[in-house]
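Observations on the three-dimensional arrangement
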Amino acid sequence: MKVLVVGGGGREHALCWALRRDAASAFSDDLTLFAAPGNPGTGALATDLPIPATAVDHLVAAVLRHDIDVTIIGPEAPLAAGLADRLRDAGRAAFGPSAAAAQLESSKAYAKEVMRRAGVPTAASATFVDETPALDYIGAHAEPLVVKASGLAAGKGAVVCKRRADAVAVARAMLAGSLGDAGKEIVIEEFLEGEELSVLALTDGERIVILPPAQDHKRLGEGDTGPNTGGMGAYCPVGIATEALLARARTDVFEPVLREVAAQGSPYEGVLYAGLMILPDGTPSVLEFNARFGDPETQVLLPALLPGFSEHLAAIAQRRWNPVATQQVLALERAAVTTVLAARGYPDNPEKGAAIRLPDPADLGEDDVIVLHAGTYRDNEGKLRTAGGRVFSVTGLAPTVALAAGASRGAAERISFEGKTWRRDIAWREIQRAGAA
């Protein structure tokens, strides 16, 4: 089987890693793997094709030229641009929702309307395209508030505003074009207190298999300080993710949303990511949906899962999925913690081009550490350098979260490049919970 992974970050390296791990069970060792555009990490596992993830026409042409059986779409932008639709129209199997279904991520306003119709718990909100009613709404609602760009904004579209004056400034800036077209429509919502949880579900539009939940760390600095980022690390399992909570997520979030999207004529196929806030009373409330695997959640979940995960992706894409009825939540093999190493200046102005010293796997803990490339490239002399933003995800695996965190931190210490920015406290909540127990 020929498989293409679209994208060039840490998530896509993790997907390629899982596909290679599962080759014997899922593809009878007959796997030819491609990545587009890929990175130096995927290049060790697959044939990288120098095609940007958003170049839909070129990607479809490459799939036909290489006779690729299954395409797994990593990032949100090609999904929103209709890559899955184009591939299916060309008679090719694709893992990822249609552009219409992917509006659950590409339009926060659409997602809010779907949740309203489906009765899914989420923060009270309103949507605006004009400044005056937006500012009137802010003036009439309690602080803090969250202002979100409705469109895709590369992780920069949600701003928690402690004061109304901050919300006014952010709303004005977005509507004036600070985030381009992504902020021409905004959602203003109430701020929810609680603990965040990332819950991902595989689905063919009707049936659902939930992945073990993960928790990511969005703030740049230790102790959850500093600006929001795309994610500085993640871990699983998460102690608050009880069977009862996951059952509620299934019945109160995933099932009604999938029914509503299907009723609108765009059944959802692929993976649906629900970013949940677990309120103090234990109620899950939806913060956001993503129409693809999370980053860095993918880098922590896939290595921790039992082998065989990739078969689900191929089967959903080829519309032959028949999950075992009792397999409602996939099982973890080990605990996992991933630490993100970012470039200096991330997230606003990350530096590029710093030379990287990446030790041999044996020196990093080969059996319990996986280093996933997120933002790297090789120069004309073959030297590994930073490409800006998040550079690596360093995933540690162990019987417990605390031990996995230690393995991840130890390996992260040994990787060096000028301006390396990272957190040494990934999974601190879970480690505290375990200590208290």
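Residues numbered from 1 in each chain as written. Predicted model: local features only at pLDDT ≥ 70, side-chain atom pairs only at ≥ 80, totals over all residues. Heavy atoms only, no water.

**What to know about the sheet that holds strand β20 (residues 369-373)**
If you walk across this open sheet you meet the five strands as β12-β15-β18-β23-β20, and the pairing is antiparallel. Each edge of the open sheet is held by one strand with a lone partner, namely β12 (215-216) and β20. Relative to strand β23 (residues 390-398), strand β18 (residues 335-342) runs antiparallel, the two sharing eight bridges. The residue bridging Ala 335 from the neighbouring strand is Ala 398, located in β23. (Pairing = 2+ DSSP bridges. Helix = DSSP H or I, 4+ residues; strand = E, 2+ residues; numbered from the N terminus.)

**Overview of a negative patch on the surface**
Taken together, the side chains of Asp 360, Asp 363, Glu 366 and Asp 367 define an acidic patch exposed on the protein surface. Position of Glu 366 among the secondary structure elements: in the loop between α13 (361-364) and β20. On the accessibility criterion, Glu 366 (51% relative accessible area) is exposed. (Patch = residues over 30% accessible without salt bridge, like charges linked within 9 Å, V, L, I, M, F, W, Y side chains within 5 Å. Areas by Shrake-Rupley, 256 points an atom, 1.4 Å probe, with all protein chains shown as cover. Salt bridge = Lys/Arg side-chain N within 4 Å of Asp/Glu carboxyl O. Lys, Arg positive; Asp, Glu negative; His and termini not counted. Charge placed at Lys NZ, Arg CZ, Asp CG, Glu CD. Buried < 20%, exposed > 50% of the residue type's maximum accessible area, 1.4 Å probe, protein only.)

**Thoughts on the packing of aromatic side chains**
Scanning the model with the defined rule gives three aromatic pairs in all. Between Phe 95 and Phe 293, the ring centres sit 5.9 Å apart and the planes meet at 15°, which makes this aromatic pair stacked. Of this pair, Phe 95 sits in strand β5 (residues 93-95) while Phe 293 sits in the loop between β17 (284-290) and α11 (297-304), placing them 198 residues apart in sequence. Comparing Phe 95 with Phe 293, the two get one shared label, buried. Members of the aromatic cluster, joined through ring pairs, are Phe 95, Phe 293 and Phe 309. (Phe/Tyr/Trp six-rings, centres within 6.5 Å; stacked < 30°, edge-to-face > 60°.)

**As for the pairing of β20**
Within β20, five of the five residues are buried, which leaves the element mostly enclosed by the surrounding structure. With burial as the criterion, each face of β20 is covered, one bearing Val 369, Val 371 and His 373 and the other bearing Ile 370 and Leu 372.

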